[in-house]
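Coordinates in review
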Amino acid sequence: MIARRAVLTAACATALGAALALPLAAQSRGPSEVPVAELMKPVGLPDLAIGPDDAKVTVVEYASMTCGHCATFTNNVWPDFKKKYIDTGKVRYVFREFPLDNLAAAASMLARCAGNDKALPMIEVLFEKQNEWAFGEGNPVPRLFEIAKQAGFTQESFDKCLTDQKLLDDITAGRTRASEVFGVSATPTFYVNGKKLEGGNTMDKFDAAIEPLLEKN
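What counts and what doesn't
Residues numbered from 1 in each chain as written. Predicted model: local features only at pLDDT ≥ 70, side-chain atom pairs only at ≥ 80, totals over all residues. Heavy atoms only, no water. Core = buried A, V, L, I, M, F, W, Y, C linked by side-chain atoms within 4.5 Å. Buried < 20%, exposed > 50% of the residue type's maximum accessible area, 1.4 Å probe, protein only. Helix = DSSP H or I, 4+ residues; strand = E, 2+ residues; numbered from the N terminus. 1 Å grid on protein atoms, 1.4 Å probe; cavity = no way out; pocket = protein on both sides within 12 Å on 5 of 7 lines; lining within 4 Å. Points joined across faces, edges and corners; volume = space filled by probe spheres on them. Nonpolar A, V, L, I, M, F, W, Y, C, P; charged D, E, K, R; others polar. Axes fitted to C-alpha atoms, helices over the stretch in contact; angles between N-to-C directions. Parallel < 35°, antiparallel > 145°, perpendicular 65-115°, else oblique. Left-handed = near helix turned anticlockwise from the far one by under 90°. Contact = heavy atoms within 4.5 Å. Disulfide = S-S within 2.5 Å.

This part is about the nonpolar core. One finds Val59 and Phe81 to be the most contacted residues of the largest nonpolar core, which totals 55 residues. Sorting elements by how many residues they give to this core places helix H4 (residues 102–114) first, with nine residues. Within the second largest apolar cluster, ten residues are counted, among which are Leu39, Phe98, Ala178 and Val184.

Okay, structure coming up:
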């Protein structure tokens, strides 16, 4: 078992390292607003989304699973945001992967492999337990597996997911497009109907950006 995990870790590091060796193209802040049609254009993987398709407002988040500020949003702001805007059908929320390192890419792969219905809940758990798997000492793979088991992974399905080159390529393609086309260079980055949310990711900031759009005919 130890030997197999060592091989898996080495394989994952090699594959992820190769895929994420591309530098982020955007070194600037990028435009403050992008065309909604361009932002919502599908690339590679289907969006991880919650909320009605015909909502007046769409919020897109680019996040890295090892990003502390992303975890803060999910743990502290997301519950109120979801209750106020998504559960009431006012907003459609889209989560997109923007891994900043190999470990973030691995966590994103596992969320995708969990399946559509389990992907966002698993992302919430990964952010909730981020300190345990992302910033602990030693090999993070066994800690990720303990979390993945809660979503129904076996050792076999876990290993298969983390060595899925096509999945990794698709996640990387989404990140590259966000960087090159929209100028995303940091996480989390939020767009509200195509307009970048500035000045922090608090409920007050979301309210100020969303409420005027909901009032429009």
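Below, the discussion takes up the environment of Ala111. Locating Ala111 in the fold gives a position in helix H4. With 14 residues separating them along the chain, Ala111 and Val125 place their C-alpha atoms 10.0 Å apart.

Looking at the largest pocket, its volume works out to about 260 Å³. Taken together, the residues that form the lining of the largest pocket break down as five nonpolar, seven polar and three charged.

Moving on, we come to the packing of helix H5 (residues 116–128) against helix H7 (residues 141–150). Two numbers describe how H5 lies on H7: the axes approach to 10 Å, and their chain directions differ by 140°. Judged by the inter-axis angle, H5 sits oblique to H7. Considering the relative orientation of H5 and H7, their crossing is right-handed. Two secondary-structure elements touch here, H5 through Met122, Val125 and Leu126 and H7 through Leu144, Ile147, Ala148 and Gln150. Looking at the contact of H5 with H7 residue by residue, the classes come out as six nonpolar, one polar and no charged.

Take the state of the cysteines next. Taken as a whole, this structure holds one disulfide when the rule is applied. Across a sulfur-sulfur distance of 2.2 Å, Cys113 and Cys161 are joined as a disulfide pair. Looking down the S-S bond of the Cys113 and Cys161 bridge, the torsion is 95°, so its handedness is right-handed. Of this pair, Cys113 sits in helix H4 while Cys161 sits in helix H8 (residues 155–162); the two residues are 48 residues apart in sequence, bridging distant segments of the chain.

Without other data, these values stay purely geometric and don't point to any function.
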